[in-house]
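Examination of the molecular architecture
Listed below, chain by chain, are the residues.
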Amino acid sequence: MLENLKTVILLGFMSAILVIIFGFIGSLLNLGRLGILIGVLFAIVMNFVSYFYSDKIALGSYNAQIVSEQESPNLHRIVEDLANHAGIKKPRIAIIRSNDPNAFATGRNQSHAAIAVTTGILELLNEDELRGVLSHEMGHIKNRDILISSVAATIAGMIVAVASWGRYAFIFSNNDNGLMDVVGSILLAILGPLAATIIQLSISRAREFKADATGAEICGNPLALASALRKLEFGTTQHPMQNAKETDAHMFIMNPFGNAGNKLKNLFSTHPETSERIRRLESMAGRPLN
């Protein structure tokens, strides 16, 4: 019930941002209340799409291909075993052709969930570490994080896109406000993406810690997940995902742009510091990672 309430609040807040942005663009283009009406209709459509199709959008954005048991028997074996341990329905499995070692879970509920892994992560990790990563993603599914995460990615992306359109609205404006139009457009271009980022930051870090803990319980090996996180931090720094979007970064187990060695960057990262995640997992295991 609490997670459903959080999702409704998030949808409402992000919808309000979209309506405000469209209202401002409408004022620049002398559309009057029509701009606000367009924003309301657009927000309704976005809410519908983000709820029912956010998983397809997320998978499609990274050309993630659903694989059958015949195509990837070992991966299916691990996922099925972990799903049984977690007490959830086995999610669909997708593979992304990318050297970036990463993974994410998406979907609106446990019955419509999918886990996507990159070819890079399959090459980098041993089986115990891969089990740890997949357990982390199972944790997101079990904790019902995937809906709010997927919805945030879809609508945040649209907020950034619409805000960017706003930069050019004053070019076609017939208003004589001059400087006010320019200043307003600049603020729109800045505040839109900033609002999307704040929303992502607010939903991501605590959920990552919780998914780590849940994942460690599912696989029964906190140190395997800790070892995987250490490798992933190095791997994503060496091979950042080329087609990753800022609005999707919170979905991945590790920031796809890499977040090692830059304290200021870490402060505004969608993910908590890897060292702290490892420390907590080591505490669960009762001993440090060798």
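1. Considerations on helix α8 (residues 222-238)
Compared with the 24 Å implied by 1.5 Å per residue over 17 residues, the 25 Å span of α8 between its first and last C-alpha is a close match. Residues of α8 that are buried: P222, L223, A224, L225, A226, S227, A228, L229, L232, G235 and T236.

2. A word on the packing of α8 against helix α10 (residues 274-285)
Running from amino to carboxyl end, α8 crosses α10 at an angle of 165 degrees, the nearest separation of the two axes being 8 Å. In this view, α8 runs roughly antiparallel relative to α10, as classed from their interaxial angle. Where α8 crosses over α10, the handedness of that crossing is left-handed. Contacts between α8 and α10 involve P222, L223, L225, A226, L229, R230 and E233 from the former and T274, R277, I278, L281, E282, M284 and A285 from the latter. Of the residues that constitute the contact of α8 with α10, the class distribution is nine nonpolar, one polar and four charged.

3. So, unusual backbone geometry
For N63, which is not a glycine, the phi torsion comes out positive at approximately 50 degrees. In this fold, N63 is placed in the loop between α2 (33-61) and β1 (65-66). Positive phi, close to 60 degrees, is recorded for R144, a residue that is not glycine. Here R144 shows up in the loop between α5 (127-142) and α6 (146-169).

4. Section: the pattern of salt bridges
Summed over all chains, the structure comprises nine salt bridges. A salt bridge links R277 to D212, with the shortest nitrogen-to-oxygen separation between them at 2.8 Å. You can see R277 sitting in helix α10 and its partner D212 sitting in helix α7 (residues 179-219), a full 65 residues away along the chain. Grouping residues by exposure puts R277 and D212 together as buried.

5. Re the nonpolar core
V117, V133, L134, M138 and I253 are the most contacted members of the largest nonpolar core, which has 35 residues in total. Discounting residues that sit within four places of it in the chain, V117 has contacts with L75, A94, I95, I96, N102, A103, L122 and L134. The next biggest cluster of nonpolar side chains, apart from the first, holds 14 residues, and it includes A58, Y62, F104 and A116.

6. Regarding the environment of G60
Of note, G60 is situated in helix α2. Along the chain, G60 and I96 lie 36 residues apart, while their C-alpha atoms are 9.9 Å from each other.

7. Notes on the pairing of strand β2 (residues 92-96)
Taking burial as the measure, the five residues of β2 include four buried ones, the bulk of the element. As paired elements, β1 and β2 share two bridges and run antiparallel to each other. Directly across from I66, in β2, lies its bridge partner A94. Taken together, the five bridges between β2 and strand β4 (residues 114-118) define a ladder with parallel strand orientation. What sits directly across from A94, in β4, is A116.

8. Describing the packing of α5 against α8
Helix packing for two helices is described by the angle between their axes and how far apart those axes are. Where α5 meets α8, the axes come as close as 8 Å, and the angle between the chain directions of the two elements is 90 degrees. As judged from the angle between their axes, α5 and α8 are roughly perpendicular. Two secondary-structure elements touch here, α5 through D128, E129, G132, V133 and H136 and α8 through A224, L225, S227, A228, K231 and L232. Classifying every residue of the contact of α5 with α8 by side-chain character gives five nonpolar, three polar and three charged.

9. Comments concerning the side chain of S135
As for its placement among the helices and strands, S135 is situated in helix α5. Classification of S135 by relative accessible area gives buried; the value is 0%. If we ignore the near neighbours within four places in the chain, the residues touching S135 are L82, G215, I218 and C219.

10. With respect to the environment of P91
Tracing the sequence through the fold places P91 in the loop between α3 (73-86) and β2. For P91, a relative accessible area of 3% corresponds to the buried category. Each C-alpha atom, one on P91 and one on S111, is 7.5 Å from the other, the two residues being 20 residues apart in sequence. Here P91 is in contact with V79, A83, A113, A114, I115, M138 and I141, once residues within four sequence places are set aside.

Thresholds applied
- Residues numbered from 1 in each chain as written.
- Predicted model: local features only at pLDDT ≥ 70, side-chain atom pairs only at ≥ 80, totals over all residues.
- Heavy atoms only, no water.
- Helix = DSSP H or I, 4+ residues; strand = E, 2+ residues; numbered from the N terminus.
- Expected span 1.5 Å × (residues − 1).
- Buried < 20%, exposed > 50% of the residue type's maximum accessible area, 1.4 Å probe, protein only.
- Axes fitted to C-alpha atoms, helices over the stretch in contact; angles between N-to-C directions.
- Parallel < 35°, antiparallel > 145°, perpendicular 65-115°, else oblique.
- Left-handed = near helix turned anticlockwise from the far one by under 90°.
- Contact = heavy atoms within 4.5 Å.
- Nonpolar A, V, L, I, M, F, W, Y, C, P; charged D, E, K, R; others polar.
- Salt bridge = Lys/Arg side-chain N within 4 Å of Asp/Glu carboxyl O.
- Core = buried A, V, L, I, M, F, W, Y, C linked by side-chain atoms within 4.5 Å.
- Pairing = 2+ DSSP bridges.

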